Each structure stands twice: as C-alpha cells, then as structure tokens.
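Okay, here's what each chain looks like letter by letter:
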Amino acid sequence: MERPMQKLNDLSRSPSPLDPDGTLIAVIELSLSSWLVAGIVPGVERQPLKKLAVDESALLKLLHRWREEAAKAGHRIKRIAVAFEAGRDGFWLARWLSAHHIEAHVIHASSVAVSREHRRAKTDRLDTELLKRSFLGWLRGERDHCKMVAIPTTKDEDAKRPNREHESLVGEQSRIVNRMKATLIRLGIRGFNPKLKKAAERLDGLRTPEGEPIPPNTLAELRRDMVRRRLVRDQIRQIEDARLERLKQAPSDGPHAMVRLLARVIGVGVETADMLVQEVLSRSMRDRRAVARYAGLTGSPDESGRKRREKGLTRSGNARVRRGMIQLAWRFLMFQKDSTLAQWFRARTESARGTRKTMIVALARKLLIALWRLVREGVVPDGVVLRPA
C-alpha cells in the first residue's frame, strides 16, 4: 500500500516522540550580560536553575554535568533538548549547539501564551518557567503550546544581508534628503532639490526671502549632508551592481533562478524579486495559508458571542515582505491591468467607496500566493504578462 506524501513539518509540535526518562530538557533566557538556564533532569527531584555568563562553553559543561547527575540517579540520557526564544542573538547558538550534538530549538516569541493581567509579575525566573511548560508540551507532540522558528544556515542568513542593507540605506538616504529640505524651509527657501547633480554648486547662490545668503553654520551642515548622501547613494549602487553580477555568474542557482523568473513579471523589479525570494519564497512553506501567514497578510478577527469585528492585519509575520507586497500590489494594478487579479480588485472596489485600502491587502495576499506558485510550480497567474526570457 502506497503511503501518502508526508507534509512539511509546520514546527508547531515535535516530530519525534518524547521519552521522559531518557531526555534532558533545558531552556535558556538570553540577555545581554547573562544567561539563565533552567532544566528538567530525569531522576532529579529538584528542577535546577543556573545563571551563567554569556559563554557557550560554560553552557555545554552545565548540560554535561546535568547529564552526569541523571546517570547517577539511574537514568541514561539519550537526548538533550535545548530551547530559547528568538531574539537579538539570532541563531548562532542553535547552530553551535547542533554542531556539538545537542538538539537545539528556537521558539517563536509571539507563540508563547502569557498572562493577560495588566500588571503581571515578570522576571527571568518566571520566564524560564513559562518556557519550560511550553517547550515540554511541544516535545510531547501537543499542539498550540508554542511554535519553533526554522533555523537557517549561515549562508541563508548571509544571502538576506544585501537586501536588508539596501532597504536601510534607502531609508537613510530619504532621511538625509528630508532633513536638508527641512533645514532650507526653516530659512524660507523652497523648491530646491538636493538630489540634483549640481545641487552642491547651487547652494552658494541660494537666498532667503530677505535676500540674505544661507548662514555659514547651516551651509556647512548642508554640505556635510550632501557628502553623506553621496556616500550612501554610492553604497546603494554597489549593492545593486553586486546583485546583478551574482545573477550573471550563477543564473541557474536555486534562489537566483527564482529571482530571474520573478523579474520577468512586468511590474516586478530585481530588487523586489530578490527580497521576496530571500525572505519568503525560498523557504519550505507547507501551503498557501502558511505563505500568507508568514507575510502577516492575514486578518485578526475578534469574535465573542454575537460580536463580530475585524481588528486589521495580524502584523505578526515578516514586516519586510508585508510592506513590499502592499507596494507591489499597487504597482501590479498599473502594469498588469488585464490580469485576472487586477480585474478582481476593480470589480470589488468600483461600486464600494472607501474599500481600496482594505482590498489592496487582499490583493497583496493573493498576489504573493500566485508568485509562490509561479516559482514553485511554474504556474503563471492568469493574464499576467512576462518579459521575454
């Protein structure tokens, strides 16, 4: 009898059965200056709690010491499972523990249920107790205790850096330009574009409404801002050139092939295609609902008895993907007017006033799922025009 295809693990429960007598369980509350480690050691009545300096070697020694305590109590440890919440430290500790034959998991912080009391007690010790209960339920295979984050490789994390740096630099460039415009407006000078090539040369000729030149300190500040903006613009160009060079050198590479395919969709640029591939489309998603949920493009209903209302987007997914998809959805309406998705949007909004902003999120969700099917199955969305290969 042929077995049905096994679905991808959604990380909401452990795929391996739990042997309580042979499993050492530990959770870590990470902070900037110290780590608080709480454990469940088979055969040991007390539940140990140890505060460590930020030192992975000391953590490994502690786990081995607890394993020896379990052995003295007559329990042979076959499995050591460690978990901690996703945060500032990223995933390096999980990769390091895995390299030292320790089963490591990273808990999605927002998936752990906490007390709804307005003034609840919160300490590192209480947080470790909460993590232990959630992690133990997850190891037992019970749903809805917590969810784990897929641990990326160093290569996967590094592949996201150019796009994220590009986004940060573009934001910094906008802040510099806006600051320069605000400085000039305070002097009553309007209509000056700091982004022009000859903007620096025109500064000396600018005059206030009173006919006075720009004050010396303000003029020096504006020149420094122009130098800073020029540097940021050059760095943005370096990132874009390096991305195009990588696509040329390895056009058939998995993620690069996805980027090239997405960039063929009219209205989708290389920058947007690279962001979508690195952030979401190259991940192993279970189904289309998981794709929309990861992007934070699903609703957050509030239902109780006869009360029914929608509180808007969950905002629990990837903010970069959510922002990028909403921007792409507006562009999609301009460049793919004859597509089925664009026609669906127009049909829903023509006779209903004030629904465009709400429906653009629905369009972004449908478009993301369609692009996911395009790169995974090669299914071109109905009516979408592609550039020549």
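In this text the structure is predicted, and so the values were computed from the model without any measurement.

Here the focus is the overall build of the chain. Each helix and strand in the chain was counted, giving 12 helices and 8 strands. In terms of overall dimensions, the chain is more spread out than a globule: its C-alpha atoms have a radius of gyration of 27 Å, far above the 21 Å expected for 389 residues. When the 389 residues of the chain are sorted by exposure, 38% land in the buried category. Across the chain, the fraction of contacts at a sequence separation of at least 24, relative to all contacts at a separation of at least 6, is 60%. In the form shown here, the chain has an accessible surface area of approximately 23,500 Å², with 50% of it arising from carbon and sulfur atoms. Averaging the positions of the 77 positive and the 47 negative side-chain charges in the chain gives two centres separated by 4 Å.

Where strand 7 (residues 299-304) lies against strand 8 (residues 307-313), 5 bridges are found, and the strand directions are antiparallel. Within strand 8, the position partnered with Asp-302 by the bridge is Arg-309. From the end of strand 7 to the start of strand 8, which pair antiparallel, there are 2 residues, and Gly-305 there has a positive phi angle of about 65 degrees.

Residues that lie three or four places apart on an α-helix share one face, since the helix turns once every 3.6 residues. In this model, helix 10 (residues 319-335) (17 residues) spans 24 Å end to end at C-alpha, consistent with the 24 Å of a helix rising 1.5 Å per residue. Among all positions of helix 10, only Val-321, Arg-322, Gly-324, Met-325, Leu-328, Ala-329, Phe-332 and Leu-333 are buried. Summarising the contacts, the buried residues of helix 10 are in contact with helix 8 (270-281), strand 8, helix 11 (340-349) and helix 12 (356-377). Of the residues that open helix 10, the one with a side-chain oxygen 3.0 Å from the backbone nitrogen of Arg-320 is Asn-318.

Moving on to the nonpolar core. Residues Leu-262, Leu-276, Val-280, Leu-281, Val-321, Met-325 and Leu-368 are the most contacted members of the largest nonpolar core, which totals 40 residues. Those elements that place two or more of their residues in this core are helix 7 (254-263), helix 8, helix 9 (288-294), helix 10, helix 11 and helix 12. In this view, Leu-368 contacts Leu-276, Val-280, Leu-281, Val-291, Ala-295, Leu-297, Val-321 and Met-325; residues no more than four positions away in its chain are not counted.

This next bit is on the side chain of Ser-300. Along the polypeptide, Ser-300 turns up in strand 7. Residue classification places Ser-300 among the buried positions, given a relative accessible area of 16%. If we skip the residues at most four places from it in the chain, Ser-300 touches Glu-310, Lys-311, Gly-312, Leu-313 and Thr-314.

Moving on, we come to the packing of helix 8 against helix 12. The contact between helix 8 and helix 12 brings their axes to 12 Å, and the two run at 85 degrees. Relative to helix 12, helix 8 is oriented roughly perpendicular. On helix 12, the residues that touch Leu-276, Val-280 and Leu-281 of helix 8 are Leu-368, Leu-371, Trp-372, Val-375 and Arg-376.

A few words now on the side chain of Ser-12. By the secondary structure assignment, Ser-12 is in the segment before strand 1 (23-30). With relative accessibility at 5%, the residue Ser-12 sits in the buried group. A polar contact is formed between the side chain of Ser-12 and the side chain of Arg-143, at a distance of 3.1 Å. Setting aside residues up to four positions removed in sequence, Ser-12 forms contacts with Trp-138, Glu-142, Arg-143, Asp-144, Cys-146 and Lys-147.

In this section: the confidence of the model for the chain. Put simply, the chain has an average pLDDT of 91, and 97% of its residues get 70 or more. Between residues 1-7, whose pLDDT stays under 50, and residues either more than four places distant or in other chains, the model counts 0 contacts.

Before going further, it helps to examine the packing of aromatic side chains. A full pass over the atoms with the stated rule returns 3 aromatic pairs. Here Phe-135 and Trp-138 contribute two aromatic rings whose centre-to-centre distance is 6.2 Å and whose plane-to-plane angle is 20 degrees, an arrangement assigned as stacked. Taken together, the positions of Phe-135 and Trp-138, both in helix 3 (residues 124-139) and 3 residues apart, correspond to about one turn of that helix. With respect to class, Phe-135 is no different from Trp-138; both count as buried. Residues Trp-330 and Phe-345 carry aromatic rings whose centres are separated by 6.4 Å and whose planes lie at 80 degrees to one another, so their mutual orientation is edge-to-face. Within this pair, whereas Trp-330 is found in helix 10, its partner Phe-345 is found in helix 11, the two being separated by 15 residues in sequence. Overall, Phe-345 belongs to the buried group, its relative accessible area being 1%.

Those residues of helix 2 (residues 92-99) that fall on the buried side of the exposure criterion are Leu-93, Ala-94 and Leu-97. Projected down its long axis, helix 2 shows its buried positions confined to an angular sector of 100 degrees, all on one face. Summarising the contacts, the buried residues of helix 2 are in contact with strand 1, strand 2 (34-40), helix 1 (56-72), strand 4 (79-85) and strand 5 (103-107). Of the residues flanking the end of helix 2, it is His-101, one or two places downstream, whose phi is positive at about 65 degrees.

On to the sheet that holds strand 5. Reading across from one edge, 3-2-1-4-5-6 is the order of the 6 strands in this open sheet, with mixed pairing throughout. Either end of the sheet is taken by a strand with one partner, and the two such strands are strand 3 (49-53) and strand 6 (148-149). In terms of strand pairing, strand 5 meets strand 6 through 2 bridges, oriented antiparallel. Note that in strand 6 the partner of Ile-107 across the bridge is Met-148. Against the sheet, helix 1 touches strand 1, strand 2, strand 3 and strand 4, its axis set at about 15 degrees to strand 2. Along the sheet, helix 3 contacts strand 1, strand 2, strand 3, strand 4, strand 5 and strand 6; its crossing angle with strand 1, the most-contacted strand, is approximately 140 degrees.

Assignment of secondary structure puts Gly-317 in the loop between strand 8 and helix 10. Separated by 25 residues in sequence, Gly-317 and Ala-292 place their C-alpha atoms 8.7 Å apart. In this structure Gly-317 touches Arg-293, Tyr-294, Ala-295, Gly-296 and Arg-322, once residues within four positions along its chain are discounted.

The rules behind these values
- Residues numbered from 1 in each chain as written.
- Predicted model: local features only at pLDDT ≥ 70, side-chain atom pairs only at ≥ 80, totals over all residues.
- Heavy atoms only, no water.
- Helix = DSSP H or I, 4+ residues; strand = E, 2+ residues; numbered from the N terminus.
- Rg over C-alpha atoms; globule rule 2.2 N^0.38 Å.
- Buried < 20%, exposed > 50% of the residue type's maximum accessible area, 1.4 Å probe, protein only.
- Contact = heavy atoms within 4.5 Å.
- Areas by Shrake-Rupley, 256 points an atom, 1.4 Å probe, with all protein chains shown as cover.
- Lys, Arg positive; Asp, Glu negative; His and termini not counted.
- Charge placed at Lys NZ, Arg CZ, Asp CG, Glu CD.
- Pairing = 2+ DSSP bridges.
- Expected span 1.5 Å × (residues − 1).
- Polar contact = N/O pair within 3.5 Å; in protein donor to acceptor, adjacent residues only side chain to side chain.
- Core = buried A, V, L, I, M, F, W, Y, C linked by side-chain atoms within 4.5 Å.
- Axes fitted to C-alpha atoms, helices over the stretch in contact; angles between N-to-C directions.
- Parallel < 35°, antiparallel > 145°, perpendicular 65-115°, else oblique.
- pLDDT = per-residue confidence, 0-100.
- Phe/Tyr/Trp six-rings, centres within 6.5 Å; stacked < 30°, edge-to-face > 60°.
- Arc of directions from axis to C-beta.

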